[in-house]
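Observations on the model geometry
Chain by chain, the residues:
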Amino acid sequence: MKINWILCLGVLLSSSAFAEQLTQSQYDIKVRQFYNALETTQADLNRALDKRDSLSSILKKSCEYANYMRNLEKLSLENIHLRKAQDEVNFIRGLIQNFDQSLEDLGTTYNRSCKR
């Protein structure tokens, strides 16, 4: 079991260490895909809130939305050599902070329920 964790960690480290930097057009395509996914998950989350779904359902949708934002941030950090990626990092960090703050204002948080 310990060996499996070591192998998984090695794969993760090697894949992140050698993340291929994208061209501007490749990056733009990936960013659009993330924003399409964000739009869809945000709509799902809003519907769940409007229908007053169960807390577990709302938390699950919140986690999905937050994970897409974090993955977009990660993509941008991996391609920070691109000017648009630098701007995107700042923008997406603001979105993450606002999302976190809006849930805190409601007296809850999704962070403890999300798998990272």
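Model, not experiment: these values are computed from the prediction.

1. Focus: the overall build of the protein chain
- Scanning the protein chain from terminus to terminus reveals four helices and zero strands.
- Each helix and strand of the protein chain, ordered N terminal to C terminal, gives the series α-α-α-α.
- Counting across all 116 residues of the protein chain, residues that qualify as buried make up 28%.
- Look at the contacts in the protein chain between residues 6 or more apart in sequence, and 68% of them connect residues 24 or more apart.
- Within the structure as shown, the protein chain displays about 8300 Å² of accessible surface, and the carbon and sulfur contribution to it stands at 56%.

2. Re helix α4 (residues 83-105)
- With 23 residues, α4 should reach 33 Å at 1.5 Å per residue; the first-to-last C-alpha distance of 33 Å fits that figure.
- Those residues of α4 that are buried lie in contact with α2 (24-50) and α3 (55-78).
- Positive backbone phi, at 85°, marks Gly107, one or two positions downstream of α4.

3. Observations regarding the packing of α2 against α3
- Running from amino to carboxyl end, α2 crosses α3 at an angle of 165°, the nearest separation of the two axes being 9 Å. The angle between α2 and α3 places the two elements in the roughly antiparallel class. Taken as a pair, α2 and α3 cross one another with a handedness that is left-handed.
- Of the residues assigned to the contact of α2 with α3, the class counts are 15 nonpolar, five polar and four charged.

4. Quick word on α3
- For α3, built from 24 residues, the straight-helix expectation of 34 Å at 1.5 Å per residue is met to within 8% by its first-to-last C-alpha distance of 34 Å.
- Among the residues of α3, Ser57, Ile58, Leu59, Ser62, Cys63, Tyr65, Ala66, Met69, Leu72, Glu73, Leu75 and Ser76 are the ones counted as buried.

5. Quick word on the pattern of salt bridges
- Counted under the stated rule, the structure contains four salt bridges.
- Between Lys84 and Asp28 there is a salt bridge, with its nearest N and O atoms 3.3 Å apart. Here Lys84 is found in helix α4, whereas its partner Asp28 is found in helix α2, with 56 residues between them in sequence.
- When its relative accessible area of 46% is taken as the criterion, Lys84 is described as partly exposed.

6. Observations concerning the nonpolar core
- Counting residues in hydrophobic clusters, the biggest one holds 19 residues, and the most contacted among them are Tyr27, Leu38, Met69, Leu72, Leu75 and Phe99.
- When residues of this core are traced back to their parent elements, those giving at least two are α2, α3 and α4.
- Filtering out sequence-adjacent residues up to four positions away, Leu75 remains in contact with Leu22, Tyr27, Lys30, Val31 and Phe34.

7. What about the side chain of Glu73?
- Following the sequence through the fold, Glu73 ends up in helix α3.
- On the accessibility criterion, Glu73 (15% relative accessible area) is buried.
- Setting aside chain neighbours within four positions, we find Glu73 in contact with Val89, Ile92, Arg93 and Ile96.

8. What to know about the environment of Leu72
- One can find Leu72 in helix α3.
- Leu72 gets classed as buried once you look at its relative accessible area, which sits at 0%.
- Along the chain, Leu72 and Tyr35 lie 37 residues apart, while their C-alpha atoms are 8.6 Å from each other.
- Contact partners of Leu72, with chain neighbours within four places excluded, come to Val31, Phe34, Tyr35, Leu38, Glu88 and Ile92.

Parameters at a glance
Residues numbered from 1 in each chain as written. Predicted model: local features only at pLDDT ≥ 70, side-chain atom pairs only at ≥ 80, totals over all residues. Heavy atoms only, no water. Helix = DSSP H or I, 4+ residues; strand = E, 2+ residues; numbered from the N terminus. Buried < 20%, exposed > 50% of the residue type's maximum accessible area, 1.4 Å probe, protein only. Contact = heavy atoms within 4.5 Å. Areas by Shrake-Rupley, 256 points an atom, 1.4 Å probe, with all protein chains shown as cover. Expected span 1.5 Å × (residues − 1). Axes fitted to C-alpha atoms, helices over the stretch in contact; angles between N-to-C directions. Parallel < 35°, antiparallel > 145°, perpendicular 65-115°, else oblique. Left-handed = near helix turned anticlockwise from the far one by under 90°. Nonpolar A, V, L, I, M, F, W, Y, C, P; charged D, E, K, R; others polar. Salt bridge = Lys/Arg side-chain N within 4 Å of Asp/Glu carboxyl O. Core = buried A, V, L, I, M, F, W, Y, C linked by side-chain atoms within 4.5 Å.

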